[in-house]
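Residue-level listing of the chains:
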Amino acid sequence: MRHEEEFLSPDEEAALISIIERLPLARMQYQQYEALRRVVSYGGQYDFSTQKLKEGAPLPSWLDPLRERAGAWAGIAPAAFTHALVAEYQPGTPLGWHRDVPDFEDIVGVSLGHEAVMRLRRYPHEKGSRDTLKLTLPPRSIYLLRGPARWGWQHSVAPTKALRYSITLRTARS
């Protein structure tokens, strides 16, 4: 795992938030469960009832500058980011324990608006184990999950204290 604060400037963050506020965000569906966070997905839409990645809208051009910068930072060709998930977390919105779906390899996340606390635990998780790491994701920060951090750990986000957005870029698994 790699993490860096102040990846974006305040002006870059404000420009991204301005775009996100106009997107057709909808509550995330996990089979019969409707999550509190609202999202829009590009490059594919994961269907949790069939556990398959379906076709989705192409990645929009407004994400190109972020894909280029995030790719340079992570050592990933910008075109290798084949999926993007834009999420809104209203105050009190959590994200439960998970590993991103197996269709994706590297995961790059950018935090906007307000900080979040990402929790990490080994996967598979041993019942009763309290071994959890916590990482504060300040606004404008970026993180990368690759290799053991991607496949050997689960992550979650504690309920947010204020409005937060995230942009998650993913590469396809070969």
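Residues numbered from 1 in each chain as written. Predicted model: local features only at pLDDT ≥ 70, side-chain atom pairs only at ≥ 80, totals over all residues. Heavy atoms only, no water.

1. Notes on the overall build of the chain
Formally: Put simply, DSSP H or I for four residues or longer makes a helix, DSSP E for two residues or longer makes a strand, and each gets a number counted from the N terminus. Here the globule rule reads 2.2 Å times residues to the power 0.38, and the radius of gyration is calculated from C-alpha atoms. A 1.4 Å probe rolled over the protein chains alone gives each residue an accessible area, and that area as a share of the maximum for its type sets the label: buried under 20%, exposed over 50%, partly exposed in between. What makes two residues a contact is simply this: any of their non-hydrogen atoms within 4.5 Å. In these tables, accessible area is a Shrake-Rupley quantity obtained with a 1.4 Å probe, and a residue counts as shielded only by the protein chains included in the view. Positive charges come from Lys and Arg alone, negative charges from Asp and Glu alone, with His and the N- and C-terminal ends not counted. Charged side chains are reduced to one point each, which is NZ for Lys, CZ for Arg, CG for Asp and CD for Glu.
Check the secondary structure of the chain and you find three helices and 13 strands. Computed over C-alpha atoms, the radius of gyration of the chain comes to 15 Å, within 12% of the 16 Å expected from 2.2 N^0.38 for 174 residues, which places it in the range of a compact globule. When its C-alpha atoms are laid out on the principal axes, the chain stretches across 45 × 35 × 30 Å. Within the chain, buried positions represent 45% of all 174 residues. Counting only contacts in the chain whose residues sit at least 6 apart along the sequence, the fraction spanning at least 24 positions is 76%. Summed over all atoms, the accessible surface of the chain reaches about 9100 Å², with 51% contributed by carbon and sulfur. If you average the places of the 23 positive and of the 20 negative side-chain charges in the chain, the two averages end up 7 Å apart.

2. Structural notes on the pairing of strand 13 (residues 164-172)
Within a regular strand, the side chains alternate between the two sheet faces. Going by this rule: Pairing between strands is defined by DSSP: at least two bridges between them are needed.
In terms of residue burial, strand 13 counts as a mostly covered element, since eight of its nine residues are buried. Here strand 6 (residues 81-89) pairs with strand 13 via eight bridges, running antiparallel. Each residue of the ladder has a partner; that of Ala87, found in strand 13, is Ser166. In the sheet, strand 8 (residues 104-112) pairs with strand 13 via seven bridges, with the strands oriented antiparallel. What sits directly across from Phe104, in strand 13, is Ala172.

3. Quick word on the UniProt feature "domain: Fe2OG dioxygenase" (unreviewed entry) in the chain
Quick note on the threshold: UniProt positions are given in the numbering used here, feature names are shortened, and annotations may be inferred rather than shown by experiment.
Feature annotation in UniProt assigns "domain: Fe2OG dioxygenase" (unreviewed entry) to the following positions: residues 80-173. Here residues 80-173 runs as 4% helix and 55% strand, with 10 Å between its end C-alpha atoms.

4. Observations concerning the packing of aromatic side chains
What counts, and what does not: For this analysis, a ring pair means two rings from Phe, Tyr or Trp (six-membered ring only for Trp) whose centres lie within 6.5 Å, classed as stacked if their planes differ by under 30 degrees, edge-to-face if by over 60, and tilted for the remaining angles. Ring-over charges, as used throughout, are those where CZ of Arg or NZ of Lys falls within 6 Å of the ring centre and within 35 degrees of the ring normal.
Counting across every chain of the model gives one aromatic pair. Seen from their ring centres, Phe7 and Trp73 are 6.1 Å apart, and the 65° between their planes marks the pair as edge-to-face. Of this pair, Phe7 sits in the loop between strand 1 (2-4) and helix 1 (10-20) while Trp73 sits in helix 2 (residues 64-74); the two residues are 66 residues apart in sequence, bridging distant segments of the chain. Taking relative accessible area as the criterion, Trp73 reaches 10% and is therefore assigned buried. Looking at Arg121, its charged tip hangs above the ring of Trp97, at a distance of 4.2 Å from the centre.

5. Quick notes on unusual backbone geometry
Going from Tyr123 to Pro124, the amide bond is cis rather than trans, its omega being 0°. The topology assignment puts Pro124 in the loop between strand 9 (116-122) and strand 10 (133-137). Even without being a glycine, Arg140 presents a positive backbone phi close to 75°. Here Arg140 lies in the loop between strand 10 and strand 11 (142-145).

6. Some remarks on the pattern of salt bridges
To keep things clear, this is the line we draw: For this analysis, a salt bridge means a side-chain nitrogen from Lys or Arg found within 4 Å of a carboxyl oxygen belonging to Asp or Glu.
Considering all chains together, one arrives at eight salt bridges under this definition. Across the pair Glu6 and Arg140 runs a salt bridge whose closest N-O atoms are separated by 3.3 Å. With a gap of 134 residues between them, Glu6 in the loop between strand 1 and helix 1 and Arg140 in the loop between strand 10 and strand 11 connect regions that are remote in the sequence. When salt bridges that share partners are traced, they join Glu6, Glu13 and Arg140 into one network.

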